[in-house]
Amino acid sequence: MSSFMRFSICASYFTLSTVKAKSSFPLEVGEVVTIKATYSPFSASVDFGLIAPDNLFYGLNTKNGSFDEAIEVTQRGNYVLAVRNNSSQTIHVSGHVNY
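Residues numbered from 1 in each chain as written. Predicted model: local features only at pLDDT ≥ 70, side-chain atom pairs only at ≥ 80, totals over all residues. Heavy atoms only, no water.

1. Focus: the overall build of the chain
Basically, it comes down to this: Going along the chain from the N terminus, every DSSP run of H or I of four or more residues is numbered as a helix, and every run of E of two or more is numbered as a strand. Only protein chains enter the accessibility calculation, which uses a 1.4 Å probe; a residue is then buried when its area is under 20% of its type maximum, exposed when over 50%, and partly exposed in between. By definition, residues are in contact when any of their heavy atoms lie within 4.5 Å.
Looking only at helices and strands, the chain has zero helices and nine strands in total. Put simply, the chain runs from its N terminus to its C terminus through helices and strands in the order β-β-β-β-β-β-β-β-β. In the chain, which comprises 99 residues, the share counted as buried stands at 40%. Restricting to contacts in the chain with at least 6 residues of sequence separation, those with at least 24 account for 76%.

2. With respect to unusual backbone geometry
The omega torsion of the bond from Ser-40 to Pro-41 falls at 0°, within 30 degrees of zero and hence cis. In this structure, Pro-41 sits in the loop between β4 (32-40) and β5 (46-51). You will see that Asn-55, though not glycine, has its phi angle at about 70°, which is positive. Asn-55 sits in the exposed class, given a relative accessible area of 64%.

3. Overview of the side chain of Asp-47
Selection criterion: Pairs of N or O atoms are called polar contacts if they sit within 3.5 Å, as long as, within protein, a hydrogen donor faces a hydrogen acceptor (for residues adjacent in sequence, only side-chain-to-side-chain pairs).
With respect to the helices, strands and loops of the structure, Asp-47 is situated in strand β5. A polar atom in the side chain of Asp-47 sits 2.7 Å from the side chain of Asn-61. Within the local environment of Asp-47, its side chain forms a polar contact with the side chain of Asn-86, the two groups lying 3.2 Å apart.

4. Thoughts on the pairing of strand β6 (residues 57-62)
Put simply, the test is: Strands qualify as paired when DSSP identifies two bridges or more between them.
Relative to β6, β5 runs antiparallel, the two being bridged by six bridges. Paired with Leu-50 across the bridge in β6 is Tyr-58. Where β5 folds back on β6, the antiparallel hairpin that results is connected by five residues, among which Asn-55 adopts a positive phi of roughly 70°.

5. Remarks on the confidence of the model for the chain
To keep it simple, the criterion reads: Confidence scores labelled pLDDT are given residue by residue by the predictor and lie between 0 and 100.
Confidence in the prediction of the chain, expressed as mean pLDDT, is 88, and 84% of residues score 70 or more. Confidence, expressed as mean pLDDT per element, reaches its minimum in the chain at strand β1 (residues 4-11) with 64 and its maximum at strand β7 (residues 66-72) with 97.

6. Considerations on the packing of aromatic side chains
Short version of the rule: When the centres of two rings from Phe, Tyr and Trp lie within 6.5 Å, Trp using its six-membered ring, the rings pair. Their planes under 30 degrees apart give stacked, over 60 give edge-to-face, and anything left gives tilted.
Inspection of every chain in the model, using the stated rule, returns three aromatic pairs. Geometrically, the ring pair formed by Phe-25 and Tyr-99 is stacked, given 4.1 Å between the ring centres and 20° between the ring planes. Residue Phe-25 is found in strand β3 (residues 25-27), and its partner Tyr-99 is found in the segment after β9 (91-98); the two are separated by 74 residues along the sequence. Of the two residues examined, Phe-25 and Tyr-99, each falls in the buried class. Aromatic pair Tyr-39 and Phe-48: ring centres 6.1 Å apart, planes at 45°, arrangement tilted. Tyr-39 sits in the buried class, given a relative accessible area of 2%. Ring pairs connect the aromatic residues Tyr-39, Phe-48 and Phe-67, which therefore count as one cluster.

As structure tokens, this is what we get:
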């Protein structure tokens, strides 16, 4: 069964600050999570990814204002969507996650 979650974030944090979703979702080894998002300003460097059950952030970087990637999970457990702002600018993010 596939699930869907929308998100919208205003991340006015300094370099390497991470914003986490308020809720987690359970996944099994081998399941794939697709994250599709846009953000502004487009010039910002942003990491989109998941915080895994081991409490580590597994993310991919983009620098062009959009993100459309799939992440296959390697651990069983609860995952949390996370967005890391690598710039010193305020960013506004919106998108959705399929899992």
